[in-house]
Amino acid sequence: MAQDDLKRAVAQAAVDRISGHFDGSAVIGVGSGSTADFFIDALSPHRASIGATVASSERSAARLREHGLPLVELNEVQTLPVYVDGADEIDAGLSMIKGGGGALTREKIVAAVADRFICIADASKRVEVLGRFPLPVEVIPMARAYVARQLAAMGGAVRLREGFVTDNGNLILDVHGLTIRDPVGLEQSINQIAGVVTVGLFARRGADLLLLGTPQGVVQFERR
Ligand code: 5RP
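Residues numbered from 1 in each chain as written. Predicted model: local features only at pLDDT ≥ 70, side-chain atom pairs only at ≥ 80, totals over all residues. Heavy atoms only, no water.

Student: Mind laying out the packing of aromatic side chains, listing which residues take part and the relevant values?
Tutor: Per the counting criterion, the structure on display carries one aromatic pair. Aromatic pair Tyr83 and Phe117: ring centres 5.1 Å apart, planes at 75°, arrangement edge-to-face. Taken together, the positions of Tyr83 in strand β3 (residues 82-85) and Phe117 in strand β6 (residues 117-122) put the pair 34 residues apart, joining distant regions of the chain. Each member of the pair, Tyr83 together with Phe117, is buried. Looking at Lys98, its charged tip hangs above the ring of Phe202, at a distance of 5.6 Å from the centre. When the ring centre of Phe221 is taken as origin, the NZ or CZ atom of Arg126, which lies over that ring, is 6.0 Å away. (Phe/Tyr/Trp six-rings, centres within 6.5 Å; stacked < 30°, edge-to-face > 60°. Helix = DSSP H or I, 4+ residues; strand = E, 2+ residues; numbered from the N terminus. Buried < 20%, exposed > 50% of the residue type's maximum accessible area, 1.4 Å probe, protein only. Lys NZ or Arg CZ within 6 Å of the ring centre and 35° of its normal.)

As structure tokens, this is what we get:
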């Protein structure tokens, strides 16, 4: 089964799973990336019964608009019952590496507001230990070199994502070669480096539910 078919299947499973919120008033948080794109496509037929959506990137916002889905700013929203997004890696504790698309900061903000985080991913994203996927870190431009030195001291090989500027006007450093056995601890340590906006480790606030697309069907894992 092609990877896109698995992504499409988990996107549809997420829509089925959250359909109880299609009451004309609930706001749905929408993530970023190719799996989130499939989720937006699957949401589209329900546009008349969705109160509004909040997007975690300009790219997702544009796709939501193209589909005629109602879109509001996060600041206009009091409650967000659910946020659906993909991941670059996810472990058994439902901690994630995110930010392959560079939208990690807005993703983390929307995830923080949401009551429930549903991660949708194809089977290739499920790992025993996080770190094979380079860990993205969004940094304020003037702090780039300092933060890179600090990250290198933590054991990673740091590379600037060339030619890339985030939706917030910042840079991304990708940290290669980490073996992340304590995702919560590393998330806290990196967040404390001056100049770091966000680290793409989602461990303190991981997913609550993983819908994993496998060739045998969609398998679900609840956070323990
Ligand atoms: C973007 C993200 C995405 O969720 C992550 O990169 C997964 O993307 P895809 O669904 O295309 O594999 O964190 O910043």
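Student: Give a description of the sheet that holds strand β2 (residues 52-55) that names residues and reports values.
Tutor: The strand order across the open sheet built from six strands is β2-β1-β3-β6-β12-β13, with neighbouring strands paired in mixed fashion. Edge positions in the sheet fall to β2 and β13 (217-222), since each has one partner strand and no second. With direction set aside, neighbouring strand axes in the sheet form an average angle of 20°. In this structure, β3 lies alongside β6, joined through three bridges in parallel fashion. (Pairing = 2+ DSSP bridges. Axes fitted to C-alpha atoms, helices over the stretch in contact; angles between N-to-C directions.)

Student: I'd like a description of the nonpolar core, backed by residues and values.
Tutor: Soluble globular proteins tend to bury their nonpolar side chains together. Formed by 25 residues in total, the largest nonpolar core has its most connected members in Ile18, Phe39 and Leu43. Those elements that place two or more of their residues in this core are α1 (3-17), β1 (27-30), α2 (34-43), α3 (58-66), β3, β6 and β12 (209-214). (Core = buried A, V, L, I, M, F, W, Y, C linked by side-chain atoms within 4.5 Å.)

Student: Describe the environment of Pro81, with residues and values.
Tutor: Looking at the element boundaries, Pro81 is found in the loop between α3 and β3. Overall, the relative accessible area of 19% leaves Pro81 in the buried class. The spatial distance from the C-alpha of Pro81 to the C-alpha of Phe117 is 8.9 Å, given a sequence separation of 36 residues. Residues within four places of Pro81 in sequence aside, it is in contact with His21, Ala26, Val27, Asp115 and Arg116. (Contact = heavy atoms within 4.5 Å.)

Student: Describe the site of the ligand, and please don't skip the residues or the numbers.
Tutor: Not every one of the 17 residues close to the ligand is listed here, only the nearest: Ser34, Thr35, Asp88, Gly99 and Lys125. In this structure, an oxygen atom belonging to the ligand sits 3.1 Å away from a main-chain N or O atom of Ala103. A distance of 3.0 Å separates an oxygen atom of the ligand from a polar side-chain atom of Glu107. Among the residues making up the shell around the ligand, the classes are represented as two nonpolar, nine polar and six charged. (Near = heavy atom within 4 Å. Polar contact = N/O pair within 3.5 Å; in protein donor to acceptor, adjacent residues only side chain to side chain. Nonpolar A, V, L, I, M, F, W, Y, C, P; charged D, E, K, R; others polar.)

Student: Run through the domain arrangement of the protein, naming residues and quoting values.
Tutor: For the protein, the domain assignment lists domain 1 (3-127 + 204-222) and domain 2 (135-199). The C-alpha-based centres of domain 1 and domain 2 are spaced at 24 Å. Taken together, the contacts link 15 residues of domain 1 with 19 residues of domain 2. For the pair domain 1 and domain 2, the summed buried area comes to about 1300 Å², and 52% of that belongs to carbon and sulfur atoms. Taken as a group, Leu104, Lys108 and Arg204 account for 42% of the area that domain 1 buries against domain 2, more than any other trio of residues on that side. Inspection of the domain 1/domain 2 interface yields one salt bridge. Among the salt bridges present, the one from Lys108 reaches Glu187, with a minimum N-O distance of 2.8 Å. For the pair domain 1 and domain 2, the interface holds 10 residue pairs in polar contact (both at pLDDT 80 or more). The dominant element in the side of domain 1 that touches domain 2, judged by the number of residues it contributes, is helix α4 (residues 104-113), at four residues. A breakdown of the residues in the side of domain 1 that touches domain 2 according to their chemical character gives two nonpolar, seven polar and six charged. (Domains from an automatic or database assignment. Buried area = accessible area lost by both parts, 1.4 Å probe. Salt bridge = Lys/Arg side-chain N within 4 Å of Asp/Glu carboxyl O.)

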